[in-house]
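# What the coordinates show
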Amino acid sequence: GCEFAMACDIVIASESAVFGQPEVTLGTIPGWGGTQRLIRAVGKAKAMEMILTGRRMSSAEAESAGLVSRVMPDDRTVDEAIDVAKTIAGYSRPVIEMAKDCINLAAE
């Protein structure tokens, strides 16, 4: 779940959501870019702690660390995500694509 969230452009989390990389507790390492994306999202120190210990973080901590865009009450999360998607969909597709490309290039 955390790797999937990190692959998204915008992450709107519910108040009850938790994020983690528990693979070490199963005798393996995160896949699907989990190690690379997590360090970019939360920094090396937090990524090391989460990956090496399997510690999970609350949605509030994930927001503070930059892993999620914002946190919503559980009963509003899906509606808010749909509203954000509708807002973006209402803009020029080529402009949105260019903006995403610029942001992604700057983040590399």
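As a starting point, this report considers the structure included with it. (Residues numbered from 1 in each chain as written. Predicted model: local features only at pLDDT ≥ 70, side-chain atom pairs only at ≥ 80, totals over all residues. Heavy atoms only, no water.)

## As for the nonpolar core
To keep it simple, the criterion reads: Joining through side-chain atoms within 4.5 Å is the link that ties buried Ala, Val, Leu, Ile, Met, Phe, Trp, Tyr and Cys residues into a set, and such a set is a nonpolar core. Between buried and exposed lies partly exposed: a residue is buried under 20% and exposed over 50% of the maximum accessible area for its type, with that area taken using a 1.4 Å probe on protein chains only. Where helices and strands are cited, they refer to DSSP runs of H or I of at least four residues and of E of at least two residues respectively, numbered from the N terminus. Whether two residues are in contact is decided by their heavy atoms, any of which lying within 4.5 Å being enough.
Ranked by size, the top nonpolar core spans 16 residues in total, and within it Phe 19, Leu 38, Met 57, Ala 62, Leu 67 and Val 68 carry the most contacts. Elements with a contribution of two residues or more to this core: α1 (2-6), α2 (34-42) and α3 (44-53). Not counting the four nearest positions on each side in its chain, Met 57 is found in contact with Ala 17, Val 18, Phe 19, Lys 46, Met 50, Ala 62, Ala 65 and Leu 67.

## Examining the layout of surface pockets
Keep this limit in mind: Any residue with an atom within 4 Å of a point lines the site, the site being either a cavity, points on a 1 Å grid over the protein atoms alone where a 1.4 Å probe fits but cannot get out, or a pocket, an open set with protein on both sides within 12 Å along at least 5 of 7 lines. Grid points are joined across faces, edges and corners, and a volume is the space filled by probe spheres set on the points. Residues are grouped as follows: Ala, Val, Leu, Ile, Met, Phe, Trp, Tyr, Cys and Pro are nonpolar; Asp, Glu, Lys and Arg are charged; every other residue, Gly included, is polar.
Taken as a whole, the largest pocket spans an internal volume of roughly 1,000 Å³. Lining the largest pocket are 27 residues, with Met 6, Cys 8, Asp 9, Ile 10 and Asn 104 positioned closest to its centre. With 6 residues, helix α6 (residues 93-107) is the single largest residue contributor to the lining of the largest pocket. Classifying every residue of the lining of the largest pocket gives 19 nonpolar, 3 polar and 5 charged.

## Side note on the pattern of salt bridges
Note the following rule: For salt bridges, the criterion is a side-chain nitrogen of Lys or Arg within 4 Å of an Asp or Glu carboxyl oxygen.
Under the criterion given, the structure shown has 9 salt bridges. Across the pair Asp 9 and Lys 100 runs a salt bridge whose closest N-O atoms are separated by 2.7 Å. Placement of Asp 9 in the loop between α1 and β1 (12-14) and of Lys 100 in helix α6 is noted, with a sequence separation of 91 residues between them. Given a relative accessible area of 37%, Lys 100 falls into the partly exposed group. The partner of Asp 83 in a salt bridge is Arg 76, with the nearest N and O atoms 3.9 Å apart. Overall, the relative accessible area of 37% leaves Asp 83 in the partly exposed class. Where salt bridges share partners, they join Arg 70, Arg 76, Asp 79, Glu 80 and Asp 83 into one cluster.

## Topic: α2
Basically, it comes down to this: This arc is taken over the directions from the axis of the helix to the C-beta atoms.
Residues Gly 34, Leu 38 and Val 42 constitute the buried set of α2. One side of α2 holds all its buried residues, which, seen down the axis, span an arc of 25 degrees.

## Describing the packing of α2 against α3
Heads up, the rule is: Inter-axis angles, ranging from 0 to 180 degrees, are taken between N-to-C directions of lines fitted to C-alpha atoms, where helices are fitted over the stretch in contact. Angle categories are assigned with fixed cut-offs, so that under 35 degrees is roughly parallel, over 145 is roughly antiparallel, 65 to 115 is roughly perpendicular, and the rest are oblique. Less than a right angle of anticlockwise turn of the near helix away from the far helix marks a crossing as left-handed, whereas a clockwise turn marks it as right-handed.
For the pair α2 and α3, interaxial distance at closest approach is 7 Å and the crossing angle is 135 degrees. By the angle between their axes, α2 is oblique relative to α3. Here the hand of the crossing between α2 and α3 comes out right-handed. Along its contact with α2, which presents Thr 35, Leu 38, Ile 39 and Val 42, the element α3 presents Lys 44, Lys 46, Ala 47, Met 50 and Ile 51. Taken together, the residues of the contact of α2 with α3 sort by class into 6 nonpolar, 1 polar and 2 charged.

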